[in-house]
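Structural overview for review
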Amino acid sequence: MKPAIAATLLMASVSALAADQQALTMEARGQVKAFAQALMGELKGSIEKDGPVAAIAVCNTEAPAIATGLSLNGWQVGRTALKIRNPDNAPDAWETQVLNDFSARIKAGEDPAMMEATQVTGGEFRYMKAIPTAGLCVACHGAEVAPAVEAKLAELYPADKARGFNVGDLRGAFTLRKMIQE
Ligand code: HEC
């Protein structure tokens, strides 16, 4: 094959890969939006109706259930963080690296609103999006929480590390993966 043709073919396959990744990123963003809206709806509704202690139980059962319900079309949807409440949400090596990067960028003043990362590895497309701490979150993730909240957290999450967050801190990230054809 002439070098010029080989180069053209290579460029074509590189841009096809870039187009695939663009499409997967768009899909991942849609999944995150649905997950975030469902979680927020459950959380706000439950806090308003029954208070934060009852809402802990909702997070405990609903967050994993919503994640499973959204894990369609080959997507696996979840949340992770450097300091975790549920040990099932522990980050792997790539997630830890991305979370450290997000956290450093937020400390340097960057807006976390659209902070995301993607990677293709081992036949998998992976996507992460930063989750900043909002005012609503500190009731259960702040340095000081109400005694009844404290007691419920101690009962359900004896190894809880997801505490001490201030508004604006990186709380964690949405983390998604999907197997793709080679
Ligand atoms: C009513 C208490 C409550 C409030 C308010 C709350 N959370 Fe949580 N959060 C929990 C519980 C309980 C878990 C563990 C869920 C599980 O078992 O998967 C959790 C887990 C998480 C996780 C998964 C990582 C981990 O630590 O296991 C993230 C990320 C998170 N919360 C972010 C937030 C954000 C952002 C807000 C505010 C918008 C928020 N939370 C508000 C109780 C709460």
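Structural data are supplied above this passage.
The sections below set out a description of the structure shown in this document. (Residues numbered from 1 in each chain as written. Predicted model: local features only at pLDDT ≥ 70, side-chain atom pairs only at ≥ 80, totals over all residues. Heavy atoms only, no water.)

A separate point is the layout of surface pockets. The volume enclosed by the second largest pocket comes to roughly 220 Å³. Counting only elements with at least two residues in the lining of the second largest pocket, the list comes to helix H3 (93–107) and strand S4 (170–179). Broken down by element, the lining of the second largest pocket gets its largest block of residues, four residues, from H3. Partitioned by chemical class, the residues of the lining of the second largest pocket number five nonpolar, four polar and four charged. (1 Å grid on protein atoms, 1.4 Å probe; cavity = no way out; pocket = protein on both sides within 12 Å on 5 of 7 lines; lining within 4 Å. Points joined across faces, edges and corners; volume = space filled by probe spheres on them. Helix = DSSP H or I, 4+ residues; strand = E, 2+ residues; numbered from the N terminus. Nonpolar A, V, L, I, M, F, W, Y, C, P; charged D, E, K, R; others polar.)

Taken in spatial order, the four strands make up an open sheet running S1-S4-S3-S2, and their pairing is antiparallel. If you trace the sheet from one side to the other, it starts and ends with strand S1 (75–80) and strand S2 (116–121), each paired once. Looking at each pair of strands side by side, their axes are set apart by 15° on average, direction ignored. In this sheet, strand S3 (residues 124–132) lies alongside S2 in antiparallel orientation, the contact comprising six bridges. (Pairing = 2+ DSSP bridges. Axes fitted to C-alpha atoms, helices over the stretch in contact; angles between N-to-C directions.)

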